[in-house]
Amino acid sequence: MPKRRDILAIVLIVLPWTLLITVWHQNAIAPLLAIRKDDGSDARRDAGQGSDSKEYCSSDKDIVEVVRTEYVYTRPPPWSDVLPTIHVITPTYSRPVQKAELTRLANTFLHVTNLHWILVEDSQRRTALVTRLLHETGLNYTHLNVETPRNYKLRGDMRDPRIPRGTMQRNLALRWLRETCNANHSLPAIVYFADDDNTYSLEVFEEMRSTRKVSVWPVAFVGGLRYESPKVNAAGKVYGWKTVFDPHRPFAIDMAGFAVNLRLILFKPQAYFKLRGVKGGYQESSLLRELVTLNDLEPKAANCTKILVWHTRTEKPVLVNEGKKGFTDPNIEI
Amino acid sequence: MKMKMKMKLKNVFMLYFLVSICGLMYALTQLGQPCDCTLHSRQSSDLVHSRDRTISRLQGELKRLQARGNPEGPPKPALPTIYTVTPTYTRLVQKAELTRLSQTLLHVPSLHWVVVEDSPVKTSLVSELLKRSGLPYTHLCTQTPKDFKLQEGDPNWLKPRGVEQRNLALQWLRENRGPSDEGVVYFADDDNTYSLRLFEEMRFTKRVSVWPVGLVGGVRFERPLVERGKVTGFYTAWKPNRPFPMDMAGFAVSLPLLLANPAARFHLSAQRGNLESSLLQALVSIEELEPRASNCTKVLVWHTRTEKPKMKQEDALILQGLGSDPSVEV
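- If you check an unreviewed UniProt entry, chain B appears there as Galactosylgalactosylxylosylprotein 3-beta-glucuronosyltransferase from Huso huso.
- On record in UniProt, under Catalytic activity (unreviewed entry), the comment for chain B is "3-O-(beta-D-galactosyl-(1->3)-beta-D-galactosyl-(1->4)-beta-D-xylosyl)-L-seryl-[protein] + UDP-alpha-D-glucuronate = 3-O-(beta-D-GlcA-(1->3)-beta-D-Gal-(1->3)-beta-D-Gal-(1->4)-beta-D-Xyl)-L-seryl-[protein] + UDP + H(+)".
- Among the UniProt annotations of chain B, the heading Sequence similarities (unreviewed entry) holds the following wording: "Belongs to the glycosyltransferase 43 family."

- The name recorded for chain A in an unreviewed UniProt entry is Galactosylgalactosylxylosylprotein 3-beta-glucuronosyltransferase, from Huso huso.
- UniProt, in its Subunit (unreviewed entry) section for chain A, records the words "Homodimer. Interacts with SAR1A."

Given below as structure tokens:
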């Protein structure tokens, strides 16, 4: 029978050793940690401001948008202090190909000098996927989000041309620009609406940089044609539209076919894309007619004879083998 | 006698306790003071910081070189070259696909783009695109024999595509590269989407490296199964019993391995889905595969496909003799 005294003796022997070892272990680690914190102020990247949270309450009729924004400014590889900035507005929504689309779009944008990417998600809150993607690209970006209310969302695969997709997101981006950029002090800048599934050559960005009001150019694969294009007369002025689908629209042009000078956006603060009652194909006109007349349009791409942007669409991947319960690990992000 | 031993034992214990308590006090006092260990840890953290600085400096150099597009001839650092083999064929979206692929590839250092057209002659569209791309490239062409060519309306899986073109690229590599050339060969179709990280994962392949591919095989992604750093199988829903049940975009072969196996090629006769296996069987066994992308848990490449653009209005115009200007290249 082990006597109480013996147990006490054993405990008293073991206790100091355990204490000693613990203390020694901590002692070895703690100073190292303390030093790292002190010297951790090495600024390796030009990281600017941190996060900023604002709540916007829209007075737009009956739609209340609650939006939180966070922007991080880092200088992308090419940056010039003299070239106008191009604000590229991209609405996006979650679906299997989203990460792929945004990845290859980012790969394109990384080549463009002075590009500021305004990515607006159609979601209730900013998703981790997009947040991480944007941060990893190293691009100059602003990440916004606004959810399209059910009435305006497309249902499943049905394509109802009366419901314009991405409208609320583009409008939010326009509003953000108006609230952030001061009309008097803003440096020259251009606004371009780039959907996440189109293909852009690098030249189109250089063409649009010289926009004074609104510039236009041809777009491939729209309107059931090889390309749609503005009609340009000998004087270099746009006088019509070379399209088959409703060429008598005020601006028979695709979203990817025009760019607007930021000053114009700021001087006409009421100009937005119309949300309701817009016929198919008239969405672009709903904005442009509040900004310019046909006469003011500046044709680019060699008087609208070169194709510099393609309205490509990505097939919806067939995920039949996922089945009802899912086959692949949902934790692995695609 | 017992008393004496007990006394001695007691003394031993007392001594022991005294010593250990002294040691403890000493250690406790050491906690509060920066001592020699600080110097040691400061040295090691200095080392870490200087290494970090070197890394960020090299990254900056890399970005600068990428931005310049490498106009000064062969690349200076001895990075193994990634030979990206892209078979392509004329269709409406070809220029768009090659444009955005070239924009991705332009970011990757030490990359050589081998573009092989399914055509009897090199088209000016592709020639001009390659010239303006800023990439080091090789432009080849070979026509798929008629029996193996897809007809209008055929489902895309009916016949194997790009086989002769990829084989021609392999032949070019065998004729123009020698045993002293380091490199890795990657078969990149022109409609897939590639992240920039993927190319760094494959660069140092010793034999054949593999990784997951997204949006393929009817599932969100297919991937090799990895245990203790070795590939033990494949996680795929479609035809998992193939020798190598993976997509063309999911592996890369080291150049020396290809040159050492001059007979290895893709087989036109391969069954649906077995094209990749027809090459890999001659090169490696499953145990020799090198898993990448964090032990095959990250998706860095997606098997995207582009819709065929609707040409309803164009066709209608052509019937009226009013088709769009064919000299405007799309």
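Still to come is the rest of the account.
With respect to unusual backbone geometry
Step number 1: Its identity is not glycine, yet A302(A) carries a phi of approximately 55°, on the positive side.
Step number 2: Despite not being glycine, S294(B) shows a phi value in the positive range, around 55°.
Step number 3: With respect to the helices, strands and loops of the structure, S294(B) is situated in helix α9 (residues 293-296).
Step number 4: Residue class for S294(B) comes out partly exposed when judged on its relative accessible area of 37%.

Looking at the pattern of salt bridges
Step number 1: Enumeration according to the criterion identifies 22 salt bridges over all chains in this entry.
Step number 2: Across the pair E203(A) and K306(A) runs a salt bridge, and its minimum N-O distance is 3.9 Å. Here the residue E203(A) occupies a position in helix α5 (residues 202-208), and K306(A) occupies one in the loop between α8 (301-304) and β13 (309-310), the gap between them amounting to 103 residues.
Step number 3: For K306(A), a relative accessible area of 41% corresponds to the partly exposed category.
Step number 4: For R100(B), the salt bridge identified is with E97(B), shortest N-O distance 3.2 Å. Placement of the pair is R100(B) and E97(B) together in helix α3 (residues 94-105), with a separation of three residues, close to one helical turn. Across the pair, exposure class does not vary: R100(B) and E97(B) are buried alike.
Step number 5: The network of salt bridges with common partners includes K99(A), R132(A) and E333(A).

Quick word on the pairing of strand β5 (residues 189-193) of chain A
Residues and elements named next belong to chain A.
Step number 1: With respect to burial, β5 is a largely interior element, five of its five residues being buried.
Step number 2: Side chains A189, V191 and F193 project from β5 onto one buried face, and the interleaved I190 and Y192 project onto a second face that is buried too.
Step number 3: Of the strand pairs in this sheet, strand β2 (residues 85-92) and β5 are connected by five bridges, and their pairing is parallel. Within the sheet, the bridge partner assigned to I89 lies in β5 and is F193.

Topic: the packing of aromatic side chains
Step number 1: Under the definition given, this model contains 18 aromatic pairs over all chains.
Step number 2: Ring centres of Y192(A) and W217(A) lie 5.8 Å apart, and the angle between their planes is 55°; this geometry places the pair in the tilted category. Linking Y192(A) in strand β5 with W217(A) in the loop between β7 (214-216) and β8 (219-220), this pair joins segments that are 25 residues apart in sequence. Each of the two residues, Y192(A) as well as W217(A), counts as buried.
Step number 3: Members of the aromatic cluster, joined through ring pairs, are F109(A), W117(A), Y192(A), Y200(A), F205(A) and W217(A).
Step number 4: Stacked on the ring of Y93(A), the Lys or Arg R95(A) has its end atom at 4.3 Å from the ring centre.
Step number 5: Here R91(B) stacks its cationic end above the ring of Y89(B), 4.4 Å away from the centre of that ring.

About the cut-offs
Residues numbered from 1 in each chain as written. Chains lettered and ligands numbered in written order. Predicted model: local features only at pLDDT ≥ 70, side-chain atom pairs only at ≥ 80, totals over all residues. Heavy atoms only, no water. UniProt positions renumbered as here; feature names shortened; annotations may be inferred. Helix = DSSP H or I, 4+ residues; strand = E, 2+ residues; numbered from the N terminus. Buried < 20%, exposed > 50% of the residue type's maximum accessible area, 1.4 Å probe, protein only. Salt bridge = Lys/Arg side-chain N within 4 Å of Asp/Glu carboxyl O. Pairing = 2+ DSSP bridges. Phe/Tyr/Trp six-rings, centres within 6.5 Å; stacked < 30°, edge-to-face > 60°. Lys NZ or Arg CZ within 6 Å of the ring centre and 35° of its normal.

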